[in-house]
Every structure is written in structure tokens, then in C-alpha cells.
Amino acid sequence: MIKMKVIGKIEKKGFGFGVWTLVTDDNTTYELKDCPPELEQEGIKVEIEGKIREDVMTMAMIGKVLEVQSHEIL
Amino acid sequence: MKKLVLLCLFVLGLGFSLLSFKGLAQQGEFNSIILDFKEEVPIATISDEIKGLSDKYNQQVNLNSVFSISDRIYIVEGDKKTLKELKKSPLNKDTEYIEANYLYHALEVPNDPEYSKQWNFRNINLEKAWDETKGGGITVAVIDTGVSKVPDLKLTKFVKGYDFVNDKDDAGDDQGHGTHVAGTIAQSTNNGYGVAGIAYESNIMPLKVLAASGGGTIADIAEAIKFAADNGADVINMSLGGGGASSMMEEAIKYAHNKGVVIVAAAGNENRNASSYPARYPDVISVSAIDSAGAKAPYSNFGAAVDISAPGGSETGKIIQNTVDPRTGESVFVGFQGTSMAAPHVAGVAALIRATGIDSPDQVRDILKQSSRKVQEDSLNHFGSGYLDAGAAVELALKGKITFNDFFRWLRKSGYLNLGFWIDGGAVALLPKLGMVIGSYLLAWFLRNYLPFTLGLNGGLIFGSSGLFFLQGLYWFDLPQWPMRLAGSSIPELGNVVLGNSSLNPLFASVLIPLGLIILLIGNPRLKWFAIGSSIGVAACLAVTAFTEPNLWLFGTGLFAQGYLLINACLCVGLAYIASQKETQRA
């Protein structure tokens, strides 16, 4: 599993009842797995450290699944 | 033998004439009668007459609608007897016409009050499919976040599922996605509540692989696929995706496919040029999403591996079903969008196709794709084979099959469900009537299923073997008989028309005319088949005649005549064979 640090904006996408994602400046969307409640705010800029989960599928299907391990609101 | 052949053809012929007999075909149902009063009749007279009618029939006689005031159209409740009485009454002279107010049967429209909001079902031409099947006896596995029995799934049938996330039998939904997806497939329909589902008589097998977060592992999903295949699922819907290629997943999909399960998955919502896994695997039908206007939904993946498109909705119009709100646990009717919503449309229609008796998953996929409505400009493969069309898919699946539904509908349409038709003429006429009805149905069925492709061949067969023989029996006083005799003759009998006797002319009763026809018509792709059909028809006619009444002009009725007819019959068969072979080679 790939570990990485990503910076971007939190966005709630309208699939199902809504999904929290991180959208980077180059418009890559990551679906946040185990998104901490304090990150569930539309539009805030954050840095997230986590793992890309290649073994996980989701109902939202909007991009790679990033499992949040630590984060910082910028 | 000849008699039997003739009898069969006779029944078919009668069928022909019955089919074109308008009187029988147009008897409809009605329970009210239309009265159209003449312009010159004073209003006072009309109101007196209406009052009289109201008193006589003990009912309120009303205008048909506010628009009927100037047209003077009134409606009286009543049946055939009332209609007769009214026509005989003095009213007749004051009216333009008095006629039955026939009821028109629309397609199957469910009574679910929110059905009108389901634009997506009209988009896929679903009502036409419902005329044939609602998916009874088919099981659809919903591999998702689980399925909760919300009120509008109360009448939906469930089979045993499993929760692979929490390892338990009850696969309830704590997320809301799976229940919504199951609703599109089999929401309780015609229950006077909520919305409709596509294959609402099918069984749902709830398999929970995605947690409340909406995500789940490939290992759980692969196990769920195997569980579905081992527990009698006919169709699997996976409104999920992501991650990379996985041999465990691929193997599970192969396993289910080999067991005859149709596997449908969402193409994904990244607006990127390839389907996500598992939709990307070759044995999975990958579904992209369109909006209510038929454009690619802004989020939908496209390109590689997309097989077909279906409504997934967008901000301008979503897919409404009944589900659970995970925050409150309450039942809600809510609009979702996504390829997640498009996939269950295809899974539901796949269930309808399977319910018609198509078992092979590859055949189901072919039917879905062939019957889809093609999109002209689609260089990026946004839509795969085109827009999903449930009505056309079921029609294609049923092509060439005689079903009770079809027979019953035909009976109703042709007016044969009318009791009068069966009673008139008493018990003696019952058997011939039954024969006629079955004969004409088979003929209608045959024409509908095969005629567009084999018109030439059939025409040739009839022309070659029997001609329109029933015309021979028609007799109009004062009219010359030869045109009827001519149309009623087969090719070998044409010589008799010229000679005016009953022995066959050796020139006509031979391979010569079919040979001439084939030489003349072989270059034309359609007419050639007429020539081939004629050759086979002549062969049949000659062979039957050889054994029943070999009577040749100049040659008599002996062995020579018999041999001549048989040799020519064989030559005709050979000729037809060679001509059709050429066709196959060229094709």
C-alpha cells in the first residue's frame, strides 16, 4: 500500500447521501476513507497523510481511496 | 397426406380471411355511450331529452367535458342493450350519432403515486416490457451496502443473503445506497404506494460488502460474487468500483459467469476514459450513465469496456427510490445520481430477459446490446451499444417464442374473447372456430416473426406448391372464373389453366419454370429467395402428386408419369439447394 501526503480542498460529492473527498490543485479527486469528523467541512484546505487502498472498492467510484492516518487543516 | 397438407393450408387460409375481417377485429369494450346532438336542435329540447334519459336510466347524464358544450356531446352509462335501445328511440333523429364510448387500454401503467416522477423508466421504454414479464422467478443479487426492508420493499420477495462486512446472515443496510439500488431493480410496484421498480416480481438477494462508510474490500466482494453464484442468483448487480485489477476478483467473476450468472457493474463516476473495476472485466456488463435528456451524465466514466448506457441522473433530474436515511434510520424517498443508479436499470432488464427463458449470460448481454437504441455520434464510446431499451430487449428475447401472454393479447385484440363469437352457431361450430382461431394466431405469429426476412421464400413456397388455392373455391356469379383459377394454381398447375383440363402439362409440371426463375432472379438478393422457394414448392407439389394422382397430359397416369414427376421433384430440390449454397458462400 502506497503511503502519501496530499494537499487539497475538502469537497462533499453528491453520490448517495454524500461522500467526503479531497480535491488537489491539479483536480485529482481522492475519496477519503475513515474521514475524521473535523475534516467534514466543505471547502477547507488540508494536508492529509495516508495510504492509497488499492484493495478497496466503493459505491461512490470517484477516485482513489485515501485512508486518512493524520491530517492538518491549513 | 395431401389432404392433411391441404387441410393445414386451408386453416391458414381461413386465418387470412378472418384476420382481414374487420367486424370481428373491432369489437371493443365499453360501458358508456356517446350522444352527439345535432346543431339545429334547440337547447330546450336537448335538456328535456337529457332529463328524460336521466329519469329512464336513473343516472345523471352529463356532458363529456367542458369542451363538449359547443359540440353537444353527452355521455350515458350503459351497455350493448342500452345502445340498441337508444338507437331505436326517438332520440336518434335529433342526434348526429349514438355510439359506444370504447375503452382504450393503455400500456401497463402501475398505480404507484410517485411513478410519474420516474422519468428514467419511461426513458428505457419499460411499460412495453411489463406487458410481457415482471421478472418473476428470477433472483437478482445486490452486492452493495446491504438492503433494508423499507416500506416500499415490503411486497418485494427476498431470498437469503449475507453480510460479509459484519459476518452475519442479516444483510440490512446502514448506508442507504444498497436499498436504493435494490429499489430500482424490484421496488414493490402496483401497491398504491411510493415508486415502481423494474423487475418487481423478481427476488432480491441482499449481499452486504460495503460498510457504512460506503467502502469494502475486494476479498469480501469476491466472496459475495461466489456466494451469489452458489445460491441461485441469476443476475448480479454491483454498483461499486475502484482499486486495481485483482486476480481474486477476476476468478470470482469467471466462476459466476461460468455458472450462468449475468454480471452487471457501474462504469464509475470519475468522468474518465475507462470503466472502473469490476466493470472493466470482460465478463461484466459495464454501464455508463445518461441524464434525463440522454446526454452523458457529467460524472460518468466512458470509453474502454463500456457496454451500454442507462439513466443515472444528474443535478437536473435524479433517480428516485425508497431507502433508509443512515442518520436517522428512517425510510425516505430520495433522488440519487451516479453510474450506481444506471447499473441496476440494466440488471433489472437483464432479469426481465432471463424471465423470458434466456439462460446464457452472453446471450443476455447480446440481447441488451442489440436491442439498445443506437446513438449516432459517439466517437468516445460514451454510450457503448446505445441507450438501454427494456421493451425492445424483451421483444427480442421473445422473438420466435409462442407465449400465453402473446396468444391472450392477440385473442383480446382480435375480438375473440367476446362470448358471442363462441356461442353463435352452437356447439357444432365450436371446433371449427377453435381451429380457425388457433390457425389464424399461428399464421399471425409466423408472419410477425419471420415474414420481414423471408417474404420471398414464403411467397415462392406458396406459389410453387399450392398457389392461393382457396381462391379457386370463390365463385362470383357473372364473373369469369379463369383469374381465380389462375391465382389459385400452383406453378405445375398453371398448364391446366391454359388447357382447361385436370391433367398436368409436362412442361409446367417440371423443373423448367423454377430453373428459369432462378436464372432470372439469382442476381437479386430478395427475389432470389422467391425463386428458391418456388423450386422447393414445385418439388413438394410434384412429389405429392406423383404418389396421389400422377396424371400427365399426353403421358397418362402410368409409371412413366410417376417417374417423370419424381425425377423433376428431385431436380427441383437439387436446384434449390445449389441456388441457396451460392447464397451462403457469397454471404
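- Per an unreviewed UniProt entry, the recorded name for chain B is Peptidase S8, and the organism is Waterburya agarophytonicola KI4.
- Per its UniProt entry, chain B bears the Subcellular location (unreviewed entry) comment "Secreted".

Here we look at the overall build of chain B
So, point 1. Tallying secondary structure elements over chain B gives 22 helices and 15 strands in all.
So, point 2. Taking all 587 residues of chain B together, 44% fall into the buried category.
So, point 3. In chain B, the share of contacts with a sequence separation of at least 24, taken over all contacts with a separation of at least 6, comes to 72%.

Comments concerning the overall build of chain A
So, point 1. When helices and strands are counted, chain A shows zero helices and six strands.
So, point 2. Mapped in sequence order, the helices and strands of chain A form the string β-β-β-β-β-β.
So, point 3. Here chain A holds 74 residues, and the buried ones make up 38% of them.

Digging into the interface of chain B and chain A
So, point 1. On the chain A side, the residues contacting the 29 residues of chain B number 18 residues.
So, point 2. For the side of chain B that touches chain A, the secondary structure elements donating two or more residues are β9 (215-217), α10 (218-230) and α12 (339-355) of chain B.
So, point 3. Here the residues of the side of chain B that touches chain A are counted per class, giving seven nonpolar, 20 polar and two charged.
So, point 4. In the sheet, strand β5 (residues 56-58) of chain A pairs with β9(B) via three bridges, with the strands oriented antiparallel. Counted as the bridge partner of T58(A) is G215(B) from β9(B).

Things to note about the pairing of strand β12 (residues 284-290) of chain B
All names here are of chain B.
So, point 1. With seven of seven residues buried, β12 lies mostly within the body of the structure.
So, point 2. Both faces of β12 are covered, namely the face carrying V284, S286, S288 and I290 and the face carrying I285, V287 and A289.
So, point 3. Taken together, the four bridges between strand β11 (residues 262-266) and β12 define a ladder with parallel strand orientation. Its bridge partner lying in β12, V264 is registered against I285.

Observations concerning the sheet that holds strand β4 (residues 45-52) of chain A
So, point 1. Pairing in this closed barrel of five strands is mixed, and the strands run β1-β2-β3-β6-β4 (chain A) around the ring. Neighbour-to-neighbour, the strand axes of the sheet open up by a mean angle of 55 degrees, direction not taken into account.

A closer look at the packing of α12(B) against helix α14 (residues 390-398) of chain B
Residues and elements named next belong to chain B.
So, point 1. The interhelical angle for the contact between α12 and α14, taken along N-to-C directions, is 25 degrees, at an axis separation of 9 Å. By the angle class used here, α12 and α14 are roughly parallel. The handedness of the crossing between α12 and α14 is right-handed. On α14, the residues that touch V349, L352 and I353 of α12 are A390, A393, V394 and A397.

Digging into the nonpolar core
One recurring pattern in soluble globular proteins is that nonpolar side chains are buried together.
So, point 1. If you look at the biggest cluster of nonpolar residues, it comprises 113 residues, and the most contacted ones within it are V140(B), L207(B), A228(B), I236(B), V264(B) and V346(B).
So, point 2. Sequence-distant contacts of V140(B), that is, excluding residues within four places in its chain, are made with I185(B), A186(B), A199(B), S202(B), I204(B), M205(B), A233(B), V235(B), N237(B), A347(B) and A351(B).

Looking at helix α13 (residues 361-371) of chain B
All names here are of chain B.
So, point 1. When we look at burial in α13, the residues that qualify are P361, V364, R365, I367, L368 and S371. The arc enclosing the buried residues of α13, seen along the axis, measures out at 160 degrees, which places them on a common side.
So, point 2. The secondary structure elements touched by the buried residues of α13 are α11 (247-258), β11, β12, β13 (306-311), α12 and α14.

So, the environment of K528(B)
So, point 1. In this structure, K528(B) sits in helix α21 (residues 527-548).
So, point 2. Linking K528(B) and L517(B), residues 11 residues apart in sequence, is a C-alpha distance of 8.2 Å.

Notes on the packing of helix α20 (residues 512-521) of chain B against α21(B)
All names here are of chain B.
So, point 1. With their axes 8 Å apart at the nearest point, α20 and α21 run at an angle of 170 degrees to one another. By the angle between their directions, the pair α20 and α21 is classed as roughly antiparallel. Of the two elements, α20 crosses α21, and the hand of that crossing is left-handed. Contacts between α20 and α21 involve P514, L517, I518 and L521 from the first element and L527, K528, F530, A531, S534, S535 and V538 from the second.
So, point 2. Grouping the amino acids of the contact of α20 with α21 by side-chain chemistry returns eight nonpolar, two polar and one charged.

A word on the pairing of strand β6 (residues 64-73) of chain A
All names here are of chain A.
So, point 1. Pairing analysis gives four bridges linking strand β3 (residues 29-33) to β6, with the strands arranged parallel. Residue pairing in the sheet places L32 in a bridge with L66 of β6.
So, point 2. Sheet analysis places β4 next to β6, joined by seven bridges and oriented antiparallel. Looking at β6, one finds that E47 is bridged to E72.

Conventions adopted
- Residues numbered from 1 in each chain as written.
- Chains lettered and ligands numbered in written order.
- Predicted model: local features only at pLDDT ≥ 70, side-chain atom pairs only at ≥ 80, totals over all residues.
- UniProt positions renumbered as here; feature names shortened; annotations may be inferred.
- Helix = DSSP H or I, 4+ residues; strand = E, 2+ residues; numbered from the N terminus.
- Buried ≥ 20, exposed ≤ 12 C-beta atoms within 10 Å, placed from the backbone.
- Contact = placed C-beta atoms within 7 Å.
- Nonpolar A, V, L, I, M, F, W, Y, C, P; charged D, E, K, R; others polar.
- Pairing = 2+ DSSP bridges.
- Axes fitted to C-alpha atoms, helices over the stretch in contact; angles between N-to-C directions.
- Parallel < 35°, antiparallel > 145°, perpendicular 65-115°, else oblique.
- Left-handed = near helix turned anticlockwise from the far one by under 90°.
- Core = buried A, V, L, I, M, F, W, Y, C linked by C-beta atoms within 7 Å.
- Arc of directions from axis to C-beta.

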